[in-house]
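Geometric and topological summary
Residues per chain are reported as follows:
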Amino acid sequence: MELGQMQKSLQDYTKSLFVEGILDSQFLQLPQLQDESNSDFVSQVVSLFFQDSDRILNDLSLSLDQKVVDFEKVDPYVHQLKGSSSSIGAQRVKNACVVFRSFCEQKNVEACHRCLQQVKQEYYLVKNRLETLFKLEQQIVASGGMISAMDLGF
């Protein structure tokens, strides 16, 4: 694929992430924090988000599978996931965490299990889509192109 086509594909793909509500404007703030000394800043931040989220989702699963659920343990996990999702602009994950927290406050175990499944679904969706986004960016760079915050504008 020609470089111009790849850049157009990247722009269209990125736009779809916003149109579908997978990401919000916070994601566009991340490249502004990047400098020349750390050109992989955004992918590193997102990779840390993936690592932390995988751990949190595992901890949530274990906590909700206890005979007696300790909501004093569950709620901080959900709060942490909500915060990290918000910080990278993972809007649908964040929104699912808001609902999850309300059921934690109600100590509704069944609803929390359903919310955990919804959070996982949204998380794996954003993870898959961001991995695809970064692969598109890598292809552009490998073809001699550059990625700038302007390329993500629409």
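Along every chain, residues carry numbers that run from 1 in the direction the sequence is written. Residue-level local features of this predicted model are given only where pLDDT is at least 70; pairs of side-chain atoms are given and counted only at 80 or more, and the full residue set underlies all totals for whole chains, interfaces and linings. Water and hydrogen atoms were dropped before computing side-chain values, which therefore reflect all heavy atoms in the structure.

1. Concerning the overall build of the protein
What counts is decided by this rule: Segments assigned H or I by DSSP are reported as helices when at least four residues long, segments assigned E as strands when at least two residues long, and all are numbered from the N terminus. For every residue, the accessible area (1.4 Å probe, protein chains only) is compared with the maximum for its type, and the residue is labelled buried under 20%, exposed over 50%, or partly exposed between those bounds. Any two residues having at least one pair of non-hydrogen atoms within 4.5 Å are treated as being in contact.
When its secondary structure is counted, the protein shows six helices and zero strands. Beginning at the N terminus, the succession of helices and strands in the protein can be written as α-α-α-α-α-α. Principal-axis analysis of the C-alpha atoms places the extent of the protein at approximately 55 × 30 × 20 Å. Within the protein, the fraction of its 154 residues that count as buried is 40%. Put simply, 68% of the contacts in the protein that link residues at least 6 apart link residues at least 24 apart.

2. What to know about helix α6 (residues 109-142)
Structurally, the α-helix is built with 3.6 residues per turn, so residues lying three or four positions apart point the same way. The cut-off we apply is this: Take the number of residues in a helix, subtract one, and multiply by 1.5 Å to get its expected span. Whenever a nitrogen or oxygen atom comes within 3.5 Å of another N or O atom, the pair is scored as a polar contact, on the condition that within protein one atom can donate a hydrogen and the other can accept it, and that pairs from neighbouring residues in sequence are kept only if both atoms are in side chains.
Between its terminal C-alpha atoms α6 stretches 49 Å, which fits the 50 Å expected from 34 residues at 1.5 Å a residue. Measuring from the backbone nitrogen of E110 back to the side-chain oxygen at the start of α6 gives 3.4 Å, which picks out N108 as the cap.

3. Things to note about unusual backbone geometry
Not every positive phi belongs to a glycine, and K107 is a case in point at roughly 55 degrees. Looking at the secondary structure, you find K107 in the loop between α5 (91-105) and α6.

4. Thoughts on the packing of helix α3 (residues 41-64) against α6
Just so we agree on the cut-off: Note on geometry: axes are lines fitted to C-alpha atoms, helical ones only across the stretch in contact, with angles between N-to-C directions running from 0 to 180 degrees. In this scheme, roughly parallel covers angles under 35 degrees and roughly antiparallel covers those over 145, while 65 to 115 is roughly perpendicular and the rest are oblique. Handedness of each helix crossing follows the sense of rotation of the near helix against the far helix: counterclockwise by less than a right angle gives left-handed, clockwise gives right-handed. We call Asp, Glu, Lys and Arg charged. Ala, Val, Leu, Ile, Met, Phe, Trp, Tyr, Cys and Pro are nonpolar, and the rest, Gly among them, are polar.
Contact geometry of α3 with α6 gives a least axis separation of 11 Å together with a crossing angle of 160 degrees. With respect to their mutual orientation, α3 and α6 come out roughly antiparallel. Like other packed secondary-structure pairs, α3 and α6 cross with a definite hand, here left-handed. Counted together, V42, S43, V46, F49, F50, S53, D54, L57, L60, S61 and L64 of α3 and C112, H113, L116, V119, K120, Y123, Y124, V126, K127, L130, E131 and F134 of α6 form the full contact between these two elements. Partitioning the contact of α3 with α6 into residue classes produces 15 nonpolar, four polar and four charged.

5. Things to note about the UniProt feature "modified residue: Phosphohistidine" (unreviewed entry) in the protein
Defined as follows: UniProt positions are given in the numbering used here, feature names are shortened, and annotations may be inferred rather than shown by experiment.
Those places that UniProt annotates as "modified residue: Phosphohistidine" (unreviewed entry) correspond, in this numbering, to H79. In this structure, H79 sits in helix α4 (residues 71-88). The class of H79 is partly exposed, set by a relative accessible area of 42%.

6. Topic: the packing of aromatic side chains
To keep things clear, this is the line we draw: Planes of paired rings set the category: under 30 degrees apart is stacked, over 60 is edge-to-face and the rest tilted, where pairs are Phe, Tyr or Trp rings (Trp by its six-membered ring) whose centres lie within 6.5 Å.
The full count for this structure, using the stated rule, is four aromatic pairs. Relative to F50, the ring of F49 has its centre 6.0 Å away and its plane inclined at 50 degrees; by these criteria the two rings are tilted. As far as burial versus exposure is concerned, F49 and F50 are alike and both buried. Judged by centre distance (6.0 Å) and plane angle (70 degrees), the ring pair of F49 and Y123 falls under edge-to-face. Here F49, found in helix α3, pairs with Y123, found in helix α6; they are 74 residues apart in sequence, far enough to count as distant. As far as burial versus exposure is concerned, F49 and Y123 are alike and both buried.

7. So, the UniProt feature "domain: HPt" (unreviewed entry) in the protein
UniProt tags residues 38-143 as "domain: HPt" (unreviewed entry). Spanning residues 38-143, this segment combines 86% helix with 0% strand, and its end C-alpha atoms are found 20 Å apart.

8. Details of the confidence of the model for the protein
In plain terms, the rule: Per residue, pLDDT captures the predictor's confidence, and it can take any value from 0 to 100.
Averaged over every residue, the pLDDT of the protein is 93; the share at 70 or more is 95%. At the level of individual helices and strands, the protein shows its lowest average pLDDT in helix α2 (residues 26-29), which scores 93, and its highest in α5, which scores 98.

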